[in-house]
Amino acid sequence: MTAKKSPLDKFISKRANNVSPSGIRKFFDLLQDMENVISLGVGEPDYATPWHISEAAVKSLEKGYTMYTSNSGILELRNLTSQYLKDKYGISYKPEGEILITVGVSEALDLAMRAILNPGDEVIMTDPHYVAYDASVILAEGKPVMVRTSAKNNFAVEAKDIEAKITAKTKAILIGFPSNPTGAVMTRQKLLDLAAVAKKHNLMVISDEIYARLTYEGEHTCFASLPGVKNNTILLGGFSKAYAMTGWRVGYAVAPPEIIAAMTKIHQYTIMCAPTPAQVAAIEALKTGEPDVVEMVEDYNRRRKVIVKGFNDIGLPCFEPKGAFYAFPSITPTGMTSERFSEALLKEEKVAVVPGSAFGKCGEGFIRCCYATSLADIEEALNRMERFVKKHKK
Amino acid sequence: MLKDILKILENDAHASEKQIATMVGVSAAEVTNVIKQAEKDRIILKYKTVVNWDKADGDEQVWALIEVKVKPEPEAGFDAIASRVARYEQVRSLYLASGTYDLLLVVVDKSEHKVADFVSQNLAHIDGVQATVTHFVLKRYKDDGELLDGGEGVKRQQVVL
């Protein structure tokens, strides 16, 4: 999908050419000149960061705390992260050597892939999946291998389907639950099955748990907390979604020392360290942000129920997403492709959603709708979409 | 369930019983019953709107915080005096507070003159009122948890993957 031919094309690496541009550029262009758009197309909280967290960063700036931190991140933040993981999931990772503070999970994912993959190594992941998953593998010259998931199984993945994709070249399994884009979660049993497969074939599991706190029924199971998986797990987490801190760009990777050492090497030569004020804010988040998380999650949950019921009522079948802040309704009753549906919906009713096909072939026939927006906007979006569906129903 | 419903209504009195029912996971009829009972028990007192009158043309408003030092009555303590003060409709809020004074009033009226009249002709004459200190509000920044200005907020990107 390279645009026009240019004499500069010869400078663009194969590596860069191998990843396709984001599937929603078209929507950005359309949105530019539109007003009164209700957007369900975002991927972040509608809250600003709780003020006491922002204030901690402001104060640190006033004190002149503007220098680099250690490559691994401020020790206090690693200590608190270690403590948090112990309290929450009963897992034990040393602040020194087993935890690396990164520029969000995005960087951590890139580091993990570059640290473990040789050219041609295969990484198994679900289809649909978050857009950076296959890209990070391709950029590390690995090969993404897809396992189909479907609404029939609420977009959870079965260990046996993963096992069926394992070849001599398989190096790792990349999972992200609760899921962006589907809102799917994995039961503890399903994760245990997956862990058994990973251990049997000695594969690394990279578990992106950025949405862990946004779990609405039961407790989130941290993959790293399963028995005997420590040497096969790279756990990725962060502050963006739970604490409404997307713009701060701070996350972490947690893994055995050999892995963290390799990731830290790449991190130190490319990033140096995560932004210092953001790390200070993250410290405050871990120390005092828990009540904020609880309150926000309660609020997302209320809106989740409204939007899921709303989609089912207007004739867009939607399974119950038990995590993250996305609903993933089927649009097949309209007979349109996801992309056509999304484009027409934007043009005709000014509601922005993301076509499921942007997240993989199995996302075709679905749209991703973020409900981290006001209840009034959700209601209005549902009204507009009801009109749209009525008009286009097959 | 009552607590969940109250939380929703406290933030948005507009929320319909149907909406609340979906959010709480019970029937709309049940929500109606719980709300009716809460109204009867005076847990829910009133459904109001937070208004920024400064932005609406016409009605000028003056706000004042008035500290009142009182001599409590032997039997009824502060309550008897407080209930007398509370009867004036310009008294928007009334609290008993610890510290250098006893009662704190939030008074809203049409002009400074009217507030002054209230203090000198009504408040000062109530038995047990020993001293008053009136602070006129120069600017309201935040009311009932809402910022009065700067509410435009920061724009999010409209589509993010």
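How each quantity is defined
Residues numbered from 1 in each chain as written. Chains lettered and ligands numbered in written order. Predicted model: local features only at pLDDT ≥ 70, side-chain atom pairs only at ≥ 80, totals over all residues. Heavy atoms only, no water. Domains from an automatic or database assignment. Contact = heavy atoms within 4.5 Å. Buried area = accessible area lost by both parts, 1.4 Å probe. Salt bridge = Lys/Arg side-chain N within 4 Å of Asp/Glu carboxyl O. Polar contact = N/O pair within 3.5 Å; in protein donor to acceptor, adjacent residues only side chain to side chain. Helix = DSSP H or I, 4+ residues; strand = E, 2+ residues; numbered from the N terminus. Axes fitted to C-alpha atoms, helices over the stretch in contact; angles between N-to-C directions. Parallel < 35°, antiparallel > 145°, perpendicular 65-115°, else oblique. Nonpolar A, V, L, I, M, F, W, Y, C, P; charged D, E, K, R; others polar. Buried < 20%, exposed > 50% of the residue type's maximum accessible area, 1.4 Å probe, protein only. Pairing = 2+ DSSP bridges. Phe/Tyr/Trp six-rings, centres within 6.5 Å; stacked < 30°, edge-to-face > 60°.

Description of the domain arrangement of chain B
When cut into domains, chain B gives domain 1 (2-40) and domain 2 (53-139). Look at where the C-alpha atoms of domain 1 of chain B and domain 2 of chain B centre, and you get two points 34 Å apart.

Description of the interface of chain B and chain A
Taken together, the contact between chain B and chain A spans 12 residues of the former and 28 residues of the latter. Between chain B and chain A, a total of about 1900 Å² is buried, with carbon and sulfur atoms accounting for 60% of that surface. On the chain B side of the interface with chain A, the three residues burying the most area are R156(B), V159(B) and L161(B), jointly 43% of the side's total. Across the chain B-chain A interface, the total number found is 1 salt bridge. Between K7(B) and E298(A) there is a salt bridge whose closest N-O contact spans 2.8 Å. One can count 7 residue pairs in polar contact (both at pLDDT 80 or more) joining chain B with chain A.

Topic: the side chain of T22(B)
Inspection of the secondary structure puts T22(B) in helix α2 (residues 17-24). Once residues within four sequence positions are removed from consideration, T22(B) is found in contact with K305(A), V306(A) and K309(A).

Remarks on the packing of helix α2 (residues 25-32) of chain A against helix α12 (residues 338-349) of chain A
Residue and element names in this part refer to chain A. At a closest axis distance of 11 Å, the pairing of α2 and α12 adopts a crossing angle of 10 degrees. Taken together, the axes of α2 and α12 are roughly parallel relative to one another. Facing α2, whose interface residues are K26, F27, L30 and L31, α12 presents E339, S342, E343, L346 and K347. Residue composition of the contact of α2 with α12, grouped by class: 4 nonpolar, 1 polar and 4 charged.

A few points about the environment of V131(A)
By secondary structure assignment, the location of V131(A) is in helix α6 (residues 131-139). The partly exposed category is assigned to V131(A), whose relative accessible area is 23%. Taking C-alpha positions, V131(A) is 24 Å from Y216(A), a pair spaced 85 residues apart along the chain. Look past the residues within four positions of V131(A) in its chain and what remains in contact with it is A358(A), F359(A) and L161(B).

Observations concerning the pattern of salt bridges
All names here are of chain A. Following the criterion strictly, the structure yields 24 salt bridges over all chains and no others. Note that K322 and E217 form a salt bridge whose closest N and O atoms lie 3.4 Å from each other. Linking K322 in the loop between α11 (290-313) and β9 (326-327) with E217 in the loop between β6 (204-208) and β7 (233-238), this pair joins segments that are 105 residues apart in sequence. In this structure E217 comes out as partly exposed when scored by relative accessible area, which is 42%.

A look at the sheet that holds β6(A)
Residues and elements named next belong to chain A. As summarised here, the arrangement of the 7 strands in space is β2-β8-β7-β6-β5-β3-β4, forming an open sheet in which the pairing is mixed. Strands at the two margins of the open sheet, each flanked by one partner only, are β2 (99-102) and β4 (143-148). The mean inter-strand angle of the sheet, taken between neighbouring strand axes irrespective of direction, is 20 degrees. Examined bridge by bridge, β6 and β7 share 4 bridges and lie parallel to one another. Looking at the pairing, S207 lines up with L235 of β7. Each of β2, β3 (122-127), β5 (170-175), β6, β7 and β8 (251-254) touches helix α5 (residues 104-116); the most contacted strand, β7, lies at about 160 degrees to it.

Here we look at the domain arrangement of chain A
Residues and elements named next belong to chain A. Entries for chain A in the domain assignment read domain 1 (7-49 + 292-389) and domain 2 (65-289). Measuring from the centre of the C-alpha atoms in domain 1 to the corresponding centre in domain 2 gives 24 Å. Contacts between the two partners involve 34 residues from domain 1 and, on the opposite side, 37 residues from domain 2. With both chains or domains summed, domain 1 and domain 2 bury close to 3000 Å², and 63% of this area falls on carbon and sulfur atoms.

Some words on the sheet that holds strand β12 (residues 367-370) of chain A
Backbone-to-backbone hydrogen bonds join strands into a sheet, with any given pair of strands oriented parallel or antiparallel. Residues and elements named next belong to chain A. Spatially, 3 strands are ordered β9-β12-β11 in an open sheet, and the strand pairing comes out antiparallel. Looking at which strands have only one partner, the edges of the open sheet turn out to be β9 and β11 (354-355). Bridge count for β11 against β12 is 2 bridges, and the pairing is antiparallel. By the bridge assignment, P355 is partnered in β12 with I367.

Topic: the packing of helix α1 (residues 2-11) of chain B against helix α3 (residues 28-40) of chain B
All names here are of chain B. Where α1 contacts α3, the two axes come as close as 11 Å, and the packing angle between them is 80 degrees. Between α1 and α3, the angle is such that the two are roughly perpendicular. Contacts from L2, I5 and L9 of α1 reach α3 at V31, V34, I35 and A38. Tallied by class, the residues present in the contact of α1 with α3 amount to 7 nonpolar, no polar and no charged.

A word on the packing of aromatic side chains
Residue and element names in this part refer to chain A. Counting across every chain of the model gives 14 aromatic pairs over all chains. Taking the centre distance of 5.5 Å and the plane angle of 85 degrees together, the rings of Y211 and F325 count as edge-to-face. Pair noted here: Y211 is in the loop between β6 and β7 and F325 is in the loop between α11 and β9, with a separation of 114 residues, a long-range link. Summarising the aromatic geometry, the rings of F239 and Y252 are spaced 5.9 Å apart at their centres and angled 70 degrees between planes, so their arrangement reads as edge-to-face. Pair noted here: F239 is in the loop between β7 and β8 and Y252 is in strand β8, with a separation of 13 residues, a long-range link. In terms of burial, F239 and Y252 fall into one category: buried.

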